[in-house]
Amino acid sequence: MNKVFHSIEEFERGINWNALNYSTIHTGSKRKGRNNSTVICAFDTETTSVIDTEHKASYVYAWSFDIYSNGTHYTLLEREIYKLPKLLELIQYVVLKKSKQKNVSVLVGVHNLPYDFNFISSLIPITTLFAKSKRQPLMFDSGIFHFVDTLAISGMSLEKTANNYTKTKKMAGDLDYTLTRNTKTPLTRKEERYCVNDVKAVTEYIEYLLYTYGINGFFPTTKTSICRRALKESF
């Protein structure tokens, strides 16, 4: 089941917050691990570029955010990226109020986190960050949210990840990136479905990871970490 919203206000009113599953799955050590909420999220941006004779600038003209719980997707398709902090504040307030477990953490999957990080790092407070190089974050924390790079975990494109692990599939083709767009440029229904499916596939992949590895106390950070874990358990 899927519900799509086009504003944060519509999103807040339209979700049956009491129907979400606020239980947690603990990963990591007992003292320093995470109580991962089973309210699972994903985030994605659509960007466009403007090029002049000397410079190239990219900016977000649309973004999508999915909440997945109890088999239902609640997807927000917004245009103004500066509204992201308001959405995160809303979700954080509800999760903290509804969760019985202390120190709850909400997973947010982003397929190719380093790219989207460029557009949101100045908008939200970042408390911890783990990166493989200066511009390659693998994960970071902001409030109760734990952003993870699902591309680094699967090692595959979103299309291949979805084909292997999720019910929702990436729509064929790509958005036309040759067009210069802005936040007022209308999106066709097909383009909207493209954006929605991208985040739905990521939340379903996070759910797979959480219930495949998380229930055993481990949540992967990269594809290599999964291999190391499997090798360790083989002895």
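Residues numbered from 1 in each chain as written. Predicted model: local features only at pLDDT ≥ 70, side-chain atom pairs only at ≥ 80, totals over all residues. Heavy atoms only, no water.

Draft legend 1. Quick look at the overall build of the chain. For the chain, the count of helices and strands is seven helices and 10 strands. Scaling as 2.2 N^0.38, a compact globule of 235 residues should have a C-alpha radius of gyration of about 18 Å, and the chain matches this with 18 Å. Overall, the chain is about 55 × 40 × 35 Å in size when its C-alpha atoms are taken along their principal axes. Within the chain, residue pairs in contact and separated by at least 24 positions form 64% of the contacts whose partners lie at least 6 positions apart. (Helix = DSSP H or I, 4+ residues; strand = E, 2+ residues; numbered from the N terminus. Rg over C-alpha atoms; globule rule 2.2 N^0.38 Å. Contact = heavy atoms within 4.5 Å.)

Draft legend 2. Fine view of the side chain of N36. Relative to the assigned elements, N36 resides in strand 3 (residues 34-37). Among the polar contacts listed, one links the side chain of N36 to the side chain of T27, at a separation of 2.8 Å. Apart from the residues lying within four places of it in its own chain, the contact partners of N36 are S23, T24, I25, H26, T27, S105, L107 and L210. (Polar contact = N/O pair within 3.5 Å; in protein donor to acceptor, adjacent residues only side chain to side chain.)

Draft legend 3. Geometry of helix 5 (residues 158-165). Of the residues making up helix 5, those classed as buried are L158, T161 and A162. An end-on view of helix 5 places all buried positions within 95° of arc, on one side of the element. In helix 5, those exposed residues whose orientation departs by more than 90 degrees from the buried face are K160 and N164. (Buried < 20%, exposed > 50% of the residue type's maximum accessible area, 1.4 Å probe, protein only. Arc of directions from axis to C-beta.)

Draft legend 4. Expanded view of the packing of aromatic side chains. This structure, assessed with the given rule, holds 11 aromatic pairs. Centre to centre, the rings of Y205 and Y208 are 6.2 Å apart; their planes meet at 15°, and the pair counts as stacked. Here Y205 and its partner Y208 are both found in helix 6 (residues 189-212), three residues apart, which amounts to about one turn of the helix. In this structure Y205 comes out as buried when scored by relative accessible area, which is 2%. One aromatic cluster is present, built from ring pairs that chain together Y165, Y205, Y208, Y213 and F218. (Phe/Tyr/Trp six-rings, centres within 6.5 Å; stacked < 30°, edge-to-face > 60°.)

Draft legend 5. Here's a closer look at the side chain of T38. Structurally, the position occupied by T38 is in the loop between strand 3 and strand 4 (40-51). Residue T38 is classed as buried on the basis of its relative accessible area of 5%. Every residue in contact with T38, bar those within four places of it in the chain, is listed here: N21, Y22, S23, I25, Y68, S69 and Y211.

Draft legend 6. Inspection of the state of the cysteines at higher detail. A complete count under the given rule lists zero disulfides for this structure. In this structure C41 is a free cysteine whose sulfur lies 18 Å from that of C195, the closest cysteine sulfur available. (Disulfide = S-S within 2.5 Å.)

Draft legend 7. Just the nonpolar core, in detail. Membership of the largest hydrophobic core comes to 37 residues, with the highest contact counts inside it found for F11, W17, F43, W63, F65, I67 and F147. For this core, the secondary structure elements donating two or more residues are helix 1 (8-14), strand 4, strand 5 (56-69), strand 6 (72-78), helix 2 (84-98), strand 7 (104-110), helix 3 (113-120) and strand 10 (145-149). With seven residues, helix 2 is the largest single contributor of residues to this core. Apart from residues no more than four positions distant in its own chain, F147 is found in contact with L88, V108, V110, L113, I120, I124, L138, M139, F140 and S142. If you look at the next biggest cluster of nonpolar residues, it comprises 20 residues, including L107, L158, V202 and F218. (Core = buried A, V, L, I, M, F, W, Y, C linked by side-chain atoms within 4.5 Å.)

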